Amino acid sequence: MRQQIAAANWKMNLTFDQAGNLLDEILKAPNQLQPHQKVVLAVPFPYLQFAQNKISGKVNFFTAGQNCYTKSRGAFTGETSAEMLHSIGIGYVVLGHSERREYFGESNAMLEEKVSMALTYGLTPVFCCGEPLSVREAGTQNAYVEQQLKESLFGFSEEQIQKIVIAYEPIWAIGTGKTATAAQAQEMHAHIRSVLAGQYGKAVADEIPVLYGGSVKGSNAKEIFSQPDVDGGLVGGASLIAADFIQIIDALK
Ligand code: 13P
């Protein structure tokens, strides 16, 4: 059965005390998660070990790095490797977020290397893709996202691709309060799945979770997640508000 995931991307937010309070609130809330439903918390690097300790014993909860480097180790001041994340028990890593692509110049080719590193060290990459507003307005979003997938992911084997989670995040919907409609999300998610099926076959494509990101809130999560090809969300702003994120976890279908 395909995994469903409510993923929090805290980005560069919260002090240590605020992080602890938010984690406590989320973890104390009762949930009805089934074995195929997961909560993934992409917290800032300084809080990863702390968050990892907090979730210990919570079977459906995982932590994630928000990035990792293209190399395992060495003289790369300020970078963090997939090997390091793995060594403290982190299960996931968000890669290719549009903010990393835009502000830190991450290319599709570089992201292929990062995904490779994550897979080498047993981390599940949450690979982000999505088009800017200009591309959406030109109506060429399907080709744009297809190219991101091809250039970063299609070098991987059938066995490897099944270990990847994809997050579709239209850039025009990130932090803008302007979410894609459920129909727009479904249309792109179906496209992503058909692109994956073209390369790896339908059976493989049907097992790859595709999350939606972009102004997901407690109030709209249920409608978006109810779409057949939407397997949960990657949530920024609303993941910083306990009540909102708990509602988003509960919206997993
Ligand atoms: P918002 O939920 O704040 O729009 O951010 C989405 C996002 O970028 C998650 O990675």
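Keep in mind the model is a prediction, meaning the values are calculated, not measured. Sequence order sets the numbering: in each chain, residues are counted from 1 along the sequence as written. This being a predicted model, a pLDDT of at least 70 is required before a residue's local features are given, and a value of 80 or more before pairs of side-chain atoms are given or counted; all residues contribute to the totals for chains, interfaces and linings. Only hydrogens and water are set aside; all other atoms, that is, all heavy atoms of the structure, feed into the side-chain values.

Asker: Sorry, what's going on with the overall build of the chain here?
Answerer: Looking only at helices and strands, one finds twelve helices and eight strands in the chain. Against the 2.2 N^0.38 benchmark of 18 Å for 253 residues, the chain shows a C-alpha radius of gyration of 17 Å, consistent with a compact globule. Taken along the three principal axes of its C-alpha coordinates, the chain extends 45 × 45 × 35 Å. Within the chain, the proportion of its 253 residues that are buried is 55%. The Shrake-Rupley method, run with a 1.4 Å probe, gives the accessible areas here. Residue values count only the displayed protein chains as cover. Split by element, the accessible area of the chain, about 10900 Å² in all, is 53% carbon and sulfur. Side-chain charges of the chain comprise 20 positive and 25 negative groups, with the mean position of each set lying 3 Å from the other. Only DSSP runs of H or I covering at least 4 residues are called helices, and only runs of E covering at least 2 are called strands; the numbering of each starts at the N terminus. In this treatment the radius of gyration is a C-alpha quantity, and the globule benchmark scales as 2.2 Å times the residue count to the 0.38 power. Burial classes follow relative accessibility: with a 1.4 Å probe on protein chains only, a residue under 20% of its type's maximum area counts as buried, one over 50% as exposed, and anything between as partly exposed. Within this scheme the basic residues Lys and Arg register as positive and the acidic residues Asp and Glu register as negative, but His and the chain ends are omitted. Where a charge sits is defined by one atom per residue type, namely NZ (Lys), CZ (Arg), CG (Asp) or CD (Glu).

Asker: Could you clarify how one ought to interpret the site of the ligand in this entry?
Answerer: What makes a residue near a molecule or strand is one non-hydrogen atom of that residue sitting within 4 Å of it. The environment of the ligand is formed by 13 residues, the closest being Lys11, His97, Gly175, Ser215 and Gly237. Lys11 is positioned with one of its side-chain polar atoms (N or O) 2.8 Å from an oxygen atom of the ligand. Between Gly237 and the ligand, the recorded distance is 2.8 Å, taken from a backbone N or O atom to an oxygen atom. Protein chains shield 95% of the accessible area of the ligand, which is 310 Å² for the free molecule. Amino acids outside the nonpolar list (Ala, Val, Leu, Ile, Met, Phe, Trp, Tyr, Cys, Pro) and the charged list (Asp, Glu, Lys, Arg) are all regarded as polar, and Gly is one of them. When the residues that make up the shell around the ligand are grouped by side-chain class, the tally is four nonpolar, seven polar and two charged. Polar contacts here mean pairs of N or O atoms no more than 3.5 Å apart (in protein, one a potential hydrogen donor and the other a potential acceptor; neighbouring residues in sequence count only if both atoms are side-chain atoms).

Asker: So what exactly am I meant to see when it comes to the packing of aromatic side chains here?
Answerer: Each aromatic ring pair is summarised here by two numbers: the centre-to-centre distance and the angle between the ring planes. Centre distance within 6.5 Å is the pairing criterion for rings of Phe, Tyr and Trp, where only the six-membered ring of Trp is used; planes under 30 degrees apart are then read as stacked, over 60 as edge-to-face, and the remainder as tilted. Under the defined criterion, the tally for this structure stands at six aromatic pairs. A ring pair is formed by Phe16 and Phe50, whose centres lie 4.4 Å apart and whose planes are at 50°; its orientation type is tilted. Linking Phe16 in helix H1 (residues 16–28) with Phe50 in helix H2 (residues 48–54), this pair joins segments that are 34 residues apart in sequence. The interplanar angle of 45° and the centroid separation of 5.0 Å between the aromatic rings of Tyr69 and Phe76 together place this pair among those described as tilted.

Asker: What is the right way to look at helix H9 (residues 182–200) in this model?
Answerer: A turn of α-helix holds 3.6 residues, and therefore any two residues three or four places apart point the same way. If you check H9, its first and last C-alpha atoms are 26 Å apart, about what 19 residues at 1.5 Å a residue would give, namely 27 Å. Residues of H9 that are buried include every one of Ala182, Ala185, Gln186, Met188, His189, His191, Ile192, Arg193, Val195, Leu196 and Tyr200, and no others. Count one or two residues on from H9 and you reach Gly201, which has phi positive near 95°. The span you would expect from a helix comes to 1.5 Å times its residue count less one.

Asker: Mind showing me how you'd approach the packing of H1 against helix H12 (residues 242–250) here?
Answerer: Geometry of a packed helix pair, given as the angle between the helix axes and the separation of the axes. Helix axes are fitted only over the stretch in contact, all axes being lines through C-alpha atoms; the angle between N-to-C directions runs from 0 to 180 degrees. Two elements in contact, H1 and H12, have axes whose closest approach is 9 Å; the angle formed by their N-to-C orientations is 35°. Relative to H12, the crossing made by H1 is right-handed. Touching Leu22, Glu25 and Ile26 of H1 are Ala242, Phe245, Ile246 and Ile249, all from H12. Left-handed describes a crossing whose near helix is turned anticlockwise from the far helix through less than a right angle; right-handed describes the clockwise counterpart. The contact definition used throughout considers only heavy atoms, calling two residues in contact when any of these lie within 4.5 Å.

Asker: I tried to follow the nonpolar core on my own but got confused; where do I start?
Answerer: Generally speaking, soluble globular proteins have nonpolar side chains that are buried together. Counting residues in hydrophobic clusters, the biggest one holds 70 residues, and the most contacted among them are Leu149, Leu153, Ile166, Ile192 and Phe245. The element that contributes the greatest number of residues to this core is H9, accounting for six residues. Setting aside chain neighbours within four positions, we find Ile192 in contact with Cys129, Val145, Leu149, Ile166, Tyr168 and Val210. Throughout this description, the term nonpolar core refers to a set of buried Ala, Val, Leu, Ile, Met, Phe, Trp, Tyr and Cys residues connected via side-chain atoms within 4.5 Å. Counting 13 residues, the second largest nonpolar core, distinct from the first, contains Val40, Ala42, Ala167 and Leu234.

Asker: Could you clarify how one ought to interpret the side chain of Thr70 in this entry?
Answerer: Along the chain, Thr70 falls in the loop between strand E3 (61–65) and helix H3 (82–87). The residues contacting Thr70, other than those within four sequence positions of it, are Met110, Glu113, Lys114 and Met117.

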